[in-house]
Amino acid sequence: MLSAREAYRAELTELAAHDPRIVCLEADLGGAAHGFRDRYPERFLNLGIAEAAAVDIAVGMAAAGLRPFLSTFATFATFRAAESVKLGLGYQAAPVVLVCPYGGVSGAWFGTTHHCLEDLAVVRSLPGVWLAVPAGEAETREVIRTAAAGARPCYVRLARNEVFSAVLPPAGRGSVSWLNPLGGDTCLVSVGEKPTELCLAATERRPDLGHAHLCWVDDESLAAVVPQLASARRLVVVEEHRAVGSVASALALLLPGHDVRSVNAGTAWPGEGGSHDDTLTALGLTVSAVLDAT
């Protein structure tokens, strides 16, 4: 099995064999092994640590009829390059795909400067931009295929290099992947790999809890999944993100008659390095917190 980051590169390389529009841009994240760069060096650009310029270059390539995929740290795409993302992907609707590893605190050892617990709030505020948080290899590959086949700007949030071992059917746009059927009135809703692992562990202890996994979380896609979630009286949304601008807040607006609760990364600024799991625990994202919210 591949990590989501490796799956992105592998899938994009395969798609590029049949679609000459696809180009791959990176902000110095390539490392020693990069299949796309090795196979299509003329369609690969390492633009270095210049994220705003990289987004502008990708927008220009899209205007020329190409389908650019640009990869950089999530926090640098959504904050350092925020104006370029807003104007290029938002206002101009340029069909650029931002594929951003190190979402949440997956690069925990780098510290606060590289954490990104606010990116969904930023991107979800831009009308017209599709947003996906895939979990695992199969779902990541499906997201990249969907993005490549369309003509919409996309933001794809990934973790780093950990392999997500749980097997789940990919949740497409406007659909839910049910990992545990709804047996009572409470449904867990997971977004991302670590939250999905927490919810899987919670339903092992409480089989009566439903568990719906979401991948696409822009407003357009969330509105489409509302009928699939509406049978639950209480939704407990688990996500590696802050409460403000979260998927939980969006679902609360879409389901005003429901009890929508949030298990999230809180408001702390963890300043010490460590493992991904240790940092999530320090932020309060634990199985116990999920169960307590039910």
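Scroll up to find the structure this text is about.
I will try to describe carefully the structure that is included in this document. Note that the structure is predicted; figures quoted are calculated from it, not measured.

Counted at 1.5 Å a residue, the expected span for helix H8 (residues 193–205) with its 13 residues is 18 Å, and the 19 Å between its end C-alpha atoms agrees. Looking at H8, one finds that the buried residues are Glu193, Lys194, Pro195, Thr196, Leu198, Cys199, Ala202 and Thr203.

Spatial strand order, E7-E9-E8-E10-E11: five strands in an open sheet with mixed pairing. At either end of the open sheet lies a strand with only one pairing partner, and these are strand E7 (177–180) and strand E11 (259–263). Geometrically, the sheet is characterised by an average inter-axis angle of 25° between neighbouring strands, direction not taken into account. Direction of pairing for strand E8 (residues 186–191) relative to strand E9 (residues 210–214): parallel, over a ladder of five bridges. Each bridged residue has a counterpart across the sheet, and for Val191 the counterpart in E9 is Leu214. The strands touched by helix H9 (residues 219–229) are E7, E8, E9 and strand E10 (234–239); relative to E9, the strand with the most contacts, the crossing angle is about 165°.

Below, the discussion takes up the side chain of Ser84. Following the sequence through the fold, Ser84 ends up in helix H5 (residues 82–91). Using a relative accessible area of 11% as the deciding quantity, one classes Ser84 as buried. When residues no more than four places from it in sequence are discounted, the contact partners of Ser84 are Ala52, Val55, Asp56 and Leu89.

Looking now at helix H7 (residues 136–149). With 14 residues, H7 ought to run about 20 Å at 1.5 Å a step, and its terminal C-alpha atoms sit 20 Å apart, in line with that. For H7, the complete set of buried residues consists of Gly136, Glu139, Thr140, Arg141, Val143, Ile144, Ala147 and Ala148.

What the rule picks out here adds up to eight aromatic pairs. Judged by centre distance (5.5 Å) and plane angle (50°), the rings of Trp109 and Phe110 are tilted. Here Trp109 falls in the partly exposed class, since its relative accessible area comes to 41%. We classify Phe110 as partly exposed; its relative accessible area is 37%.

Turning our eyes to something else, we now look at the packing of H9 against helix H10 (residues 247–254). If you want to describe how two helices pack, look at the angle between their axes and the distance between the axes. Viewed as axis vectors pointing N to C, H9 and H10 meet at an angle of 60°, and their least axial separation amounts to 10 Å. It follows that H9 is oblique to H10 by the angle criterion. Between H9 and H10 lies a crossing whose hand is right-handed. Counted together, Asp219, Leu222, Ala223, Val226 and Leu229 of H9 and Val247, Ala250, Leu251 and Leu254 of H10 form the full contact between these two elements. Partitioning the contact of H9 with H10 into residue classes produces eight nonpolar, no polar and one charged.

Attention now moves to the pattern of salt bridges. In this structure the tally under the stated criterion is 22 salt bridges. With a closest N to O distance of 3.8 Å, Glu197 and Lys194 form a salt bridge. In this pair, Glu197 and Lys194 both sit in helix H8, three residues apart, roughly one turn of the helix. Residue Glu197 is classed as partly exposed on the basis of its relative accessible area of 31%.

Across soluble globular proteins, nonpolar side chains have a tendency to be buried as a group. Core analysis: the biggest nonpolar cluster contains 46 residues, and Leu98, Leu214 and Val247 have the highest contact counts within it. In terms of residues, this core owes the most to one element, helix H3 (residues 51–63), which gives six residues. Once residues within four sequence positions are removed from consideration, Leu98 is found in contact with Val55, Leu70, Ala77, Val85, Leu89, Cys154, Tyr155 and Val156. Among the nonpolar cores identified, the runner-up in size contains 25 residues, and Leu15, Val99, Ala147 and Leu158 belong to it.

Next up on the list: the pairing of strand E1 (residues 22–26). Within a regular beta strand, the side chains point alternately toward one face of the sheet and then the other, so they alternate between its two faces. Among the five residues that make up E1, five are buried, leaving the element largely enclosed by the rest of the structure. The pairing of E1 with strand E3 (residues 67–71) spans five bridges and is classified as parallel. Note on E3: the bridge partner recorded for Cys24 is Phe69. As defined by bridge partners, E1 adjoins strand E2 (residues 44–46) across three bridges and the pair is classed as parallel. Paired with Cys24 across the two strands is Phe44, which belongs to E2.

What counts and how
- Residues numbered from 1 in each chain as written.
- Predicted model: local features only at pLDDT ≥ 70, side-chain atom pairs only at ≥ 80, totals over all residues.
- Heavy atoms only, no water.
- Helix = DSSP H or I, 4+ residues; strand = E, 2+ residues; numbered from the N terminus.
- Expected span 1.5 Å × (residues − 1).
- Buried < 20%, exposed > 50% of the residue type's maximum accessible area, 1.4 Å probe, protein only.
- Pairing = 2+ DSSP bridges.
- Axes fitted to C-alpha atoms, helices over the stretch in contact; angles between N-to-C directions.
- Contact = heavy atoms within 4.5 Å.
- Phe/Tyr/Trp six-rings, centres within 6.5 Å; stacked < 30°, edge-to-face > 60°.
- Parallel < 35°, antiparallel > 145°, perpendicular 65-115°, else oblique.
- Left-handed = near helix turned anticlockwise from the far one by under 90°.
- Nonpolar A, V, L, I, M, F, W, Y, C, P; charged D, E, K, R; others polar.
- Salt bridge = Lys/Arg side-chain N within 4 Å of Asp/Glu carboxyl O.
- Core = buried A, V, L, I, M, F, W, Y, C linked by side-chain atoms within 4.5 Å.

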